[in-house]
Structures are given as structure tokens and as C-alpha cells.
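Read off the chains here:
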Amino acid sequence: MDYKNILFECKNAIAYITINRSKQLNALNAETIAELSSAITLAENDKSIKCMIITGAEDKAFVAGADIKEFANYSKKEGENLARKGQESLFDLLENCGTPSIAAINGFALGGGLELAMACHIRIASENAKMGLPEVSLGVIPGYGGTQRLANLVGKGKAMEMITTAGMILAADAKSWGLVNYFCTQEKLIPLAEKIASKIIRNSPSAIAKAIKAVNAGFEEGINGFEVEKKEFGNCFESEEFKEGTNAFLEKRKANF
Ligand code: DAK
């Protein structure tokens, strides 16, 4: 598929997805959301892709939020419908995708941009990154899962502070609050993401997908994560990758997944 707002490239089992609207600081309009959704679906269905790195074009922004020009005129019904549609088609899709994703936050990650990063499985940031959910300064609330995922990641108190003040935090605070796993210079950001990805792609993709499902289950209302873990653990024993992984260990060689 030809994309207008994102770049999609695959190298060494890694899909690089770059939001490419730098004139608007990579703000997410509806077309970009649809393209991201299509790229993630493609990455999940292509067995040669074992990890995704998601970042923003140029060095100023990961994503400076939803495109304010676009959502300025929504009605109450449109707002709710679009929140539901956007959450399902992109943010939930990404979080529940069996192919792990790393957000490489290379600058501003605000509103929908931070929500996109929080839907990824792993987050790393460059030293110039600034992160926040400034929606209440515009008279709306986070609508792409931010109220839930931020509280899950940093705890209710810090999430409440970030959301109600609409403030931005820097990479060092984001690291100490648990919002990002690491931070580094901008030059080292993609190499660091690749280093993490290189560890991921050695492992069994089917086991990783099951592990993601089990971890996510623990955060879903009405679902017992331990039960999902037991079921998915059992499912591993039917997989060719389990046979290959254990045989490789016994034969003192590297597994070929
Ligand atoms: N949308 C559209 N354009 C944006 C943008 C955005 N979010 N952020 C920046 N831009 C554009 C600016 O308008 C400017 O365009 P020109 O004027 O050059 O045409 C260009 O990018 C460069 O921005 P600045 O000139 O402002 O750059 P500065 O370095 O001075 O400032 C900044 C950088 C990131 C502090 C500033 O651009 C800024 O405050 N941007 C807005 C941040 C923000 O409030 N983002 C939105 C958060 S609310 C929904 C669900 C969720 C949401 C919406 C709807 N539904 C379900 C319907 C989510 C909402 C949000 O994300």
C-alpha cells in the first residue's frame, strides 16, 4: 500500500513505521490514523516481521497530538464515535498486536501522540522529548485511551497531576515515573530501539504473542490474567516453535524460529 502520511520500511525482521507530517509536528489526522492501522495490521500478518519500531519524522516531534484543525468542529456524537473507532482501529489494535512494538519518542509526544506511544509495548525517549496529555487545556479529555493507560503506567496520582495540569514532563522524569524504559541522546535513539528489537527477534514470535496476550489480560476488566496465562501456557505445547526452542537447547544450538 502507498502511504501519504507515514513511511513504512522493513529491514532484518524489523518494521520501521515513521509518522511523516513534520510540518504539523507529525500530528495525527484521520488519514494518518487509518494508515497506521493498516501498517500495523500488515506487520502483524507478515510472519517475516518480528518487531516494530514506531517513531516521528525529523528531530522535533514524535507526534504533537491529534490534529487540532480536524477535531475543532466535532459534535458530541461525532466525538464519542470517533473515540470508539480510533481506539479500536489503532490504539487497541497496537496494544493487542502479537508483534511487539517499540515507541522511539524523538521529541514532543503530546495528547494522541503520547497515547500512541503508551499503546506500544515498550517506550524509549530521546533527551529532548517532552511528554504530556494537554487535552484539558483545549477543553477536551484524552480520548484515545490516555486516562487509562497513563494511570496504568505511572500510577493514579501522577496521571492525575499530568492530566489536570496539562503539563509536559521531560525524559528523565518520564524514566523515573516508569513512563519510558530508557532515555538517551537523539542520535542513539534508533540504535537503542534496534538493540532492544535485536533481542526480541531472537525469540519465539508465537510465544511472544501469547505472552503479550497474557500480560494485557491482567489489565482488562472482568478477565483473570492468571487464567489466560495458564491457557496460553498450555497452547505453547502445540506449537512448532516450542519443539524447535527446546530441541535447540538440548542440541546445544541456537533456535531457528
Ligand atoms: N495539530 C495540528 N497542527 C499542529 C499540532 C497539532 N496537534 N501541533 C503543532 N501543529 C502545527 C502548528 O500549528 C504549526 O503549524 P504552522 O503554524 O507552521 O502552519 C506547526 O505544527 C509547528 O508548531 P509550532 O509553531 O506551534 O511549534 P512550537 O515549537 O512553537 O511549539 C508545541 C511546539 C508542540 C509546543 C506546539 O506546537 C503545541 O502546543 N502544539 C499543540 C499540542 C497539543 O495541544 N496537541 C493536542 C493535544 S490534544 C479524539 C481523540 C483524541 C484526541 C482528539 C480527538 N477523538 C476521538 C475525536 C486527542 C487530542 C489531543 O491530542
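Above this note sits the structure.
I will try to describe carefully the structure that is included in this document. (Residues numbered from 1 in each chain as written. Predicted model: local features only at pLDDT ≥ 70, side-chain atom pairs only at ≥ 80, totals over all residues. Heavy atoms only, no water.)

### A short note on the site of the ligand
Test applied: Near is defined per residue: the residue qualifies when any heavy atom it owns lies within 4 Å of the molecule or strand. Within 3.5 Å is the distance limit for a polar contact, defined as a pair of N or O atoms, with the added protein rule that one can donate a hydrogen and the other accept it, and that residues adjacent in sequence qualify only through two side-chain atoms. Note on areas: Shrake-Rupley, 1.4 Å probe, and residue coverage restricted to the protein chains presented here. A run of H or I in DSSP counts as a helix once it spans at least four residues, and a run of E counts as a strand once it spans at least two, with each numbered from the N terminus.
The environment of the ligand is formed by 24 residues, the closest being Lys 60, Ala 64, Ala 66, Ile 68 and Gly 112. Taking Ala 64, its main chain carries an N or O atom lying 2.9 Å from a nitrogen atom of the ligand. When the ligand is considered free in solution it has 1100 Å² of accessible area, and contact with the protein chains removes 66% of it. Looking at the shell around the ligand, the elements with two or more residues in it are helix H2 (68-71), helix H3 (76-96) and strand S6 (108-110).

### Some thoughts on the sheet that holds strand S5 (residues 101-105)
The test is simple: Here a strand pair is declared whenever DSSP counts at least two bridges between the two strands. Axis definition: a line fitted to C-alpha atoms, limited for helices to the stretch in contact. Angles are taken between N-to-C directions and run from 0 to 180 degrees. In what follows, residue pairs with any heavy atoms lying within 4.5 Å of each other are defined as contacts.
Sheet architecture is open: 6 strands sit in the order S1-S2-S3-S5-S7-S10, paired in mixed fashion. In the strand order of this sheet, the two ends are held by strand S1 (6-11) and strand S10 (182-184), each with one partner. Ignoring which end each strand starts from, the neighbouring axes of this sheet average 20° apart. Two elements, strand S2 (residues 14-19) and strand S3 (residues 51-56), share 6 bridges in a ladder whose sense is parallel. Counted as the bridge partner of Ile 14 is Cys 51 from S3. Packing of helix H8 (residues 186-200) onto the sheet brings it into contact with S2, S3, S5, strand S7 (122-126) and S10, and relative to S7 it is tilted by some 160°.

### A closer look at the packing of helix H4 (residues 112-119) against helix H5 (residues 146-154)
For any two helices packed against each other, the geometry is given by the interaxial angle and the distance between the axes. As a reminder, the rule being used: Working rule for angles: under 35 degrees goes down as roughly parallel, over 145 as roughly antiparallel, 65 to 115 as roughly perpendicular, anything else as oblique. Helix crossings fall into two classes, left-handed where the near helix is turned counterclockwise from the far one by less than a right angle and right-handed where it is turned clockwise. Residues are grouped as follows: nonpolar covers Ala, Val, Leu, Ile, Met, Phe, Trp, Tyr, Cys and Pro; charged covers Asp, Glu, Lys and Arg; every other residue, Gly included, is treated as polar.
Relative orientation of the contacting elements H4 and H5 amounts to 55°, with a least axis distance of 10 Å. In this view, H4 runs oblique relative to H5, as classed from their interaxial angle. The chirality of how H4 crosses H5 is left-handed. Along the contact surface, H4 presents Glu 115, Met 118 and Ala 119, while H5 presents Gly 146, Arg 149, Leu 150 and Leu 153. Classifying every residue of the contact of H4 with H5 gives 4 nonpolar, 1 polar and 2 charged.

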